Amino acid sequence: MKHIGVREISRRTGFSPATVSNALNNKRGVNKKTAEAILCMAKELGYEQSNRLDSIRFVLARKTGKILDEGTFHPGVIEGVERAASALGIDTTFTTIELSNREAAMRQTFDITHDQKNAIALLGTEMDEEDYSLFNHSEAPLVVIDGWSNHHFFEAVVTSNENSAYRAVSYLIKMGHREIGYIAGNYRIRNFPLRERGYRRAMREAGLAINSDYRIEVGTTVNTSYTSMRDWLSGSPLLPTAFFVENDIMAFGCMRAMAEKGIKIPEDVSMVGFDDLPYASACNPPLTTARVPNREMGELAVKLLLSQLREPRGFTCVTHFSTIFVERQSVRKL
């Protein structure tokens, strides 16, 4: 039997979710005629009101695994979700959806989005625009973490990708670098073009030329980025004085290839990454990078889910988290 929620009643009646919620909870501000229409529809649909939340379901939406399988971003998010939920006496459950199997993904998401006793924290790192249609009209409270939709209005918590990359490249410029290369992943999740836009903006505002020879596409795992950089270096190319890398995983692989080639960091070339994964402080040299507050993103997602349940509103918000720039020893001042 289909579970009926506030959003379905809103769709059927044409009134906003906030108005529907206020009417169902007998709050002031809803005129009598509107309240009667909403309550009538709720009764007709068999709506049963419940403010109880059994658990928060963390949904890992996996497309290829080329980003998620080696990264430690999402374990930090999970820790934040679990910590915030546990403090409220709410359990956390986990589901992985393989988006590459569209038919199976459709069945999974239907069951998940129609279970009103569970809220959904959806990891959108590898999701494309088409994937978000699976979660549209969710009857369960839903927040997307590290992803967003351009066509559907979801509550979302994201990293400030462009401005964070802009700050990182501006730091390199402040350190005297004028020839700054860009190391891009050959698998393009939606965060990466925004980081590249931040790089290009910093270079443009500083009046610096962007040399296409210094833009290198590499694999998105440690091994594939190592192989890609090793192959590029085999042609004995000219090096810029610094590289901005789209994430730490790729930086680790590239640094390994450079070390094998006898290229010293930061003496020969400086490196800046993105994410501040645990190994960033232990690699040789320790990597300068932008730390993403992933645990805090998970904690906020829980608060937003509870807010949707208890105080529904007629609009959604996308919350941008700034990064924390961490200076280590992989950048040389010129």
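Residues numbered from 1 in each chain as written. Predicted model: local features only at pLDDT ≥ 70, side-chain atom pairs only at ≥ 80, totals over all residues. Heavy atoms only, no water.

Considerations on the sheet that holds strand E5 (residues 155-159)
The strand order across the open sheet built from six strands is E2-E1-E3-E4-E5-E11, with neighbouring strands paired in parallel fashion. With partners counted over all chains shown, the strands left at the sheet margins are strand E2 (91-98) and strand E11 (318-321), one partner each. Ignoring strand direction, the axes of neighbouring strands in this sheet form an average angle of 20°. With three bridges connecting them, strand E4 (residues 142-145) and E5 associate as parallel partners. The residue bridging valine 143 from the neighbouring strand is glutamate 155, located in E5. Strands strand E1 (55-62), E2 and strand E3 (118-123) of the sheet are contacted by helix H5 (residues 102-113), whose axis makes an angle of about 155° with E2. (Pairing = 2+ DSSP bridges. Helix = DSSP H or I, 4+ residues; strand = E, 2+ residues; numbered from the N terminus. Axes fitted to C-alpha atoms, helices over the stretch in contact; angles between N-to-C directions. Contact = heavy atoms within 4.5 Å.)

A look at unusual backbone geometry
The residue after isoleucine 265, namely proline 266, is reached through a cis peptide bond having omega 5°. Tracing the sequence through the fold places proline 266 in the loop between helix H10 (248-260) and strand E9 (270-272). Each neighbour pair has its own omega, and for asparagine 284 with proline 285 the value is -5°, a cis peptide bond. You can see proline 285 is positioned in the loop between E9 and strand E10 (289-291). Despite not being glycine, aspartate 146 has its phi angle at roughly 60°, a positive value. Note on aspartate 146: relative accessible area 5%, which makes it buried. Even without a glycine there, the phi angle at serine 236 is positive, about 50°. Inspection of the secondary structure puts serine 236 in the loop between helix H9 (222-233) and strand E8 (242-245). Note on serine 236: relative accessible area 58%, which makes it exposed. (Buried < 20%, exposed > 50% of the residue type's maximum accessible area, 1.4 Å probe, protein only.)

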